[in-house]
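Observations on the three-dimensional arrangement
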Amino acid sequence: MKRRVFFVVSLFIVSLFIVASCTEKKVDLGIIRKTHKPSPNLISFDLKYNLSKEDRTNRNFTKLSSRKFDLEIDTIKYTRDEIYISYLSTMTGCIEYAGDFDIKGDSLNLKLIQLNNVVCPEVEVARVIYKIRNPKNIQYKISKPEFGKYGEPNQK
């Protein structure tokens, strides 16, 4: 009888370890939303999904997902004390994003921060717009976020 109880208890404990080790650890993106503080030099960030038919079609998705700008469809404007950046990109339509950036040397790296934990197959083309304070009027090398196969940001 003792052996049977010991066997059942041992089997139960081993099962718990297996289940615990196989469960996925998910990041609570609500915490990211509450704790994410964008750069103080980010004036504004906007996403526009209501694009013209021309913007939605005939676009090379590889080109839209690249970290390089295409001057046919993207805009970088330096004005006094500000940088205006607008580009087309493929994005997961169900995900809520916040914009941010960091500066390393002469490079300005744009970032998209995922704010919700939604999974869906919807990939859309969106216009991403940043307005950044640039008090020293520096001409940066600017890179945009690269996106993965399903439209999720790959931060480098």
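Remember, predicted model here, so these are calculated numbers, not experimental data.

Counting 19 residues, the largest nonpolar core has Ile85, Tyr87, Leu108, Leu110, Tyr130, Ile132 and Ile142 as the members making the most contacts within it. Secondary-structure elements contributing two or more residues to this core are strand 1 (42–48), strand 3 (82–92), strand 4 (97–104), strand 5 (107–114) and strand 6 (123–133). The contacts of Ile142, once residues within four sequence positions are left out, are Phe69, Ile76, Tyr78, Ile83, Ile85, Leu108 and Leu110.

Another aspect to go through is unusual backbone geometry. We note that Asp81 has phi near 70°; this positive angle belongs to a residue other than glycine. Take Asp81: it is sitting in the loop between strand 2 (75–79) and strand 3. A positive phi angle, near 50°, is found at Asn137, a position not held by glycine. Relative to the assigned elements, Asn137 resides in the loop between strand 6 and strand 7 (141–143).

What follows deals with the sheet that holds strand 5. As summarised here, the arrangement of the 3 strands in space is 4-5-7, forming an open sheet in which the pairing is mixed. Edge positions in the open sheet fall to strand 4 and strand 7, since each of these has one partner strand only. Along the sheet, successive strands turn relative to each other by an average axial angle of 25°, direction set aside. Where strand 4 and strand 5 come together, 8 bridges link them in antiparallel fashion. The residue of strand 5 that forms the bridge with Ile103 is Leu108.

On the basis of which strands lie adjacent, the open sheet formed by 4 strands has the order 1-6-3-2 and antiparallel pairing. In this open sheet, the two strands that pair with only one neighbour each are strand 1 and strand 2. Looking at each pair of strands side by side, their axes are set apart by 15° on average, direction ignored.

Following the sequence through the fold, Arg127 ends up in strand 6. With relative accessibility at 17%, the residue Arg127 sits in the buried group. Among the polar contacts made by the side chain of Arg127, one reaches the main-chain carbonyl oxygen of Ile73 at a distance of 3.1 Å.

For the rest of this paragraph, the subject is the pattern of salt bridges. With the rule as written, the count across this model stands at 6 salt bridges. For the salt bridge of Lys144 with Asp74, the shortest nitrogen-to-oxygen distance reads 3.4 Å. Taken together, the positions of Lys144 in the loop between strand 7 and strand 8 (146–147) and Asp74 in the loop between helix 4 (61–64) and strand 2 put the pair 70 residues apart, joining distant regions of the chain. Taken as a pair, Lys144 and Asp74 share a single burial class, namely buried. The closest approach of N and O atoms between Arg80 and Asp81, which form a salt bridge, is 3.9 Å. We classify Arg80 as exposed; its relative accessible area is 72%. Judged by its relative accessible area of 31%, Asp81 falls in the partly exposed class.

Once that is clear, we can look at the confidence of the model for the protein. Here the protein averages 75 in pLDDT, while 60% of its residues score no lower than 70. Looking across the protein, the model is least confident in strand 9 (residues 153–154), with a mean pLDDT of 51, and most confident in strand 2, with 95.

Another aspect to go through is the environment of Cys94. Assignment of secondary structure puts Cys94 in the loop between strand 3 and strand 4. Taking the relative accessible area as the measure of exposure, Cys94 reaches 28% and is therefore partly exposed. For Cys94 and Pro121, which are 27 residues apart along the polypeptide, the C-alpha to C-alpha distance reads 8.5 Å. Filtering out sequence-adjacent residues up to four positions away, Cys94 remains in contact with Asn116, Val118, Cys120 and Glu122.

The rules we used
- Residues numbered from 1 in each chain as written.
- Predicted model: local features only at pLDDT ≥ 70, side-chain atom pairs only at ≥ 80, totals over all residues.
- Heavy atoms only, no water.
- Core = buried A, V, L, I, M, F, W, Y, C linked by side-chain atoms within 4.5 Å.
- Buried < 20%, exposed > 50% of the residue type's maximum accessible area, 1.4 Å probe, protein only.
- Helix = DSSP H or I, 4+ residues; strand = E, 2+ residues; numbered from the N terminus.
- Contact = heavy atoms within 4.5 Å.
- Pairing = 2+ DSSP bridges.
- Axes fitted to C-alpha atoms, helices over the stretch in contact; angles between N-to-C directions.
- Polar contact = N/O pair within 3.5 Å; in protein donor to acceptor, adjacent residues only side chain to side chain.
- Salt bridge = Lys/Arg side-chain N within 4 Å of Asp/Glu carboxyl O.
- pLDDT = per-residue confidence, 0-100.

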